[in-house]
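Residue-level listing of the chains:
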Amino acid sequence: MNEDTTNTNQDNGAEQVTAAAESPSDYFKVDDIHAYYGESYIVQGVSLNLRENEILALLGRNGAGKTSTLKTIARADEPTLRKGTITLGGQTVHDKKGFEASQMGIQLVPEDRRIIPGMTVEENIILAQVAEPIGWPLERIYQHFPRLAERRKQEGTTLSGGEQQMLAVARALARDIKLLLLDEPYEGLAPVIVHEIERILLEIKAEGITSIIVEQNAVAALKLADRAVILDTGEVVFSGSAEEVLNDEALRLKYLAI
Ligand SMILES: Nc1ncnc2c1ncn2[C@@H]1O[C@H](COP(=O)(O)OP(=O)(O)O)[C@@H](O)[C@H]1O
Ligand SMILES: [Mg+2]
C-alpha cells in the first residue's frame, strides 16, 4: 500500500470520507428515482452519475422512460417524483420546482423544440434572457451558431428542423446553464445537420457544460458521449462507458435493436 505522504492531517479517516462524498463523478447524481403519471408507475428506480462536462447518452427503446426521466430531472410538473434524490454540484434538485431547477442551471430542450411563433430568431433568444440568471450573451451564441447569426431577423418557426434545434439549444445557453438535457435532438434531421449539431454539442462540452442526450440514433449519441445508460421499462439495464456499448453487439441488439 502506498502511504499518503501529502496528507499531514492526523484524522485520515475523516479526510477520506469527505473526499469520497465529493467524488468528481458525483457532480450530477440521480439516486434511485421513482416517478409516476397519476398512478402509472413509469420511472422505476433510475440512478446515474456524471462528472462535470461529461456527456451521457440515455438510450432505450420507445416507451422505455427516457423522456420521463429527463422531465423528472428538470422537475416538470409531471411525472411526479415520489422517491429518490437528485443533486447538481452538491445542491439538491429533487426538492425543487421546475422554475427553481431552471434557475439552478438545468435546461431541458424538449423533443418538439417549442420555438415561439411570431418571433424572430433573436427575439426567441432574448426572451430566454428576460429573467436572471442570464447565460451567454448574443454575440457569444452567434459565434457558435453561424446559421442563427445569418438568420437572426427571420421568424423562428420558419427555420428548417435542424436550425430550429440549434435555436432551441441556443435558447438554453442564453440561460445560465450547468446541465443541458436534450430529448431526441437529431430527430428528422439530415446527416449533414446532425454533424453540425454534434460539433456544437462538443463546443458546449468544451465550455464546461454537462449534458444528457436522449437519442433514437444511438450510434451518433454514443460517438459523442462519455458515458451511457440504457433504460428498459423504466429501469436501468446498463450503465457504463459509451465505448462499452459501441463494442457490445449483444447488448445493442437486445436493448437498442442496432
Ligand atoms: N403524460 C403521460 N401520462 C401517462 N403515461 C405516460 C405519459 N407520458 C408517457 N407515459 C408513459 O410512460 C412510458 C415511458 O414514456 P417515455 O418516457 O415518453 O418513453 P421514451 O421517451 O423512452 O420513449 C410509456 O409507457 C408512456 O406511455
Ligand atoms: Mg421520448
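In this text the structure is predicted, and so the values were computed from the model without any measurement.

Conventions we followed
Residues numbered from 1 in each chain as written. Chains lettered and ligands numbered in written order. Predicted model: local features only at pLDDT ≥ 70, side-chain atom pairs only at ≥ 80, totals over all residues. Pairing = 2+ DSSP bridges. Helix = DSSP H or I, 4+ residues; strand = E, 2+ residues; numbered from the N terminus. Axes fitted to C-alpha atoms, helices over the stretch in contact; angles between N-to-C directions. Expected span 1.5 Å × (residues − 1). Buried ≥ 20, exposed ≤ 12 C-beta atoms within 10 Å, placed from the backbone. Contact = placed C-beta atoms within 7 Å. Near = placed C-beta within 6 Å. Core = buried A, V, L, I, M, F, W, Y, C linked by C-beta atoms within 7 Å.

Examining the sheet that holds strand 3 (residues 55-59)
The strand order 6-7-8-3-9-10 describes an open sheet built from six strands, whose pairing is mixed. Two strands bound the open sheet, and with one partner strand each, they are strand 6 (106-109) and strand 10 (235-241). For this sheet, the mean angle separating the axes of adjacent strands, direction not counted, is 15°. Pairing of strand 7 (residues 179-183) with strand 8 (residues 210-214), which is carried by five bridges, proceeds in the parallel orientation. Counterpart to Asp 183 in the pairing with strand 8 is Val 214.

Comments concerning the environment of Glu 187
Turning to its location among the elements, Glu 187 is positioned in the loop between strand 7 and helix 8 (191-206). A sequence separation of 26 residues divides Glu 187 from Gly 161, and the C-alpha atoms of the two residues are 8.8 Å apart.

A few points about helix 7 (residues 161-173)
The terminal C-alpha atoms of helix 7 lie 19 Å apart, and with 13 residues this matches the ideal 18 Å at 1.5 Å per residue to within 8%. Extensive coverage of helix 7 is indicated by the burial of eleven of its 13 residues. For helix 7, the set of buried residues is Glu 163, Gln 164, Gln 165, Met 166, Leu 167, Ala 168, Val 169, Ala 170, Arg 171, Ala 172 and Leu 173. Against strand 6, helix 4 (121-127), helix 5 (138-144), helix 6 (146-150), strand 7 and helix 8 lie the buried residues of helix 7.

Focus: the site of ligand 1
The full set of residues close to ligand 1 is Tyr 37, Ser 40, Ile 42, Gly 60, Asn 62, Gly 63, Ala 64, Gly 65, Lys 66, Thr 67, Ser 68 and Glu 78. Those elements giving two or more residues to the shell around ligand 1 turn out to be strand 2 (40-50) and helix 2 (66-73). Considering every element that reaches the shell around ligand 1, the biggest residue donor is helix 2, with three residues.

Topic: unusual backbone geometry
Here Glu 78 and Pro 79 are connected by a cis peptide whose omega angle stands at -5°. One can find Pro 79 in the loop between helix 2 and strand 4 (80-88). Cis geometry marks the peptide bond from Glu 132 to Pro 133; its omega dihedral reads -5°. Here Pro 133 lies in the loop between helix 4 and helix 5.

Looking at the nonpolar core
Core analysis: the largest hydrophobic core is formed by 68 residues, its most contacted members being Leu 56, Ala 57, Ala 170, Leu 181 and Ala 228. Here the element with the most residues in this core is helix 7; it accounts for seven residues. Not counting residues up to four positions away in its chain, the partners in contact with Ala 170 are Ile 125, Ile 141, Phe 145 and Leu 148.

Remarks on the pairing of strand 6
The two faces of strand 6 match: Ile 106 and Leu 108 on one face and Gln 107 and Val 109 on the other face are all buried. Summarising the sheet, strand 6 and strand 7 pair through four bridges and their orientation is parallel. Across the sheet, the residue bridging to Leu 108 is Leu 181, located in strand 7.

Regarding the sheet that holds strand 1 (residues 28-37)
Within the open sheet, the four strands sit side by side as 2-1-4-5. Their pairing is antiparallel. At either margin of the open sheet sits one strand with a lone partner, and together these are strand 2 and strand 5 (91-92). Two strands pair when backbone bridges link them, and strand 4 and strand 5 are joined in this way by two bridges, in the antiparallel orientation. Across the sheet, Leu 88 pairs through a bridge with Gln 91, a residue of strand 5. Contacting strand 1, strand 2 and strand 4, helix 2 crosses the sheet at an angle of about 70° to strand 2.

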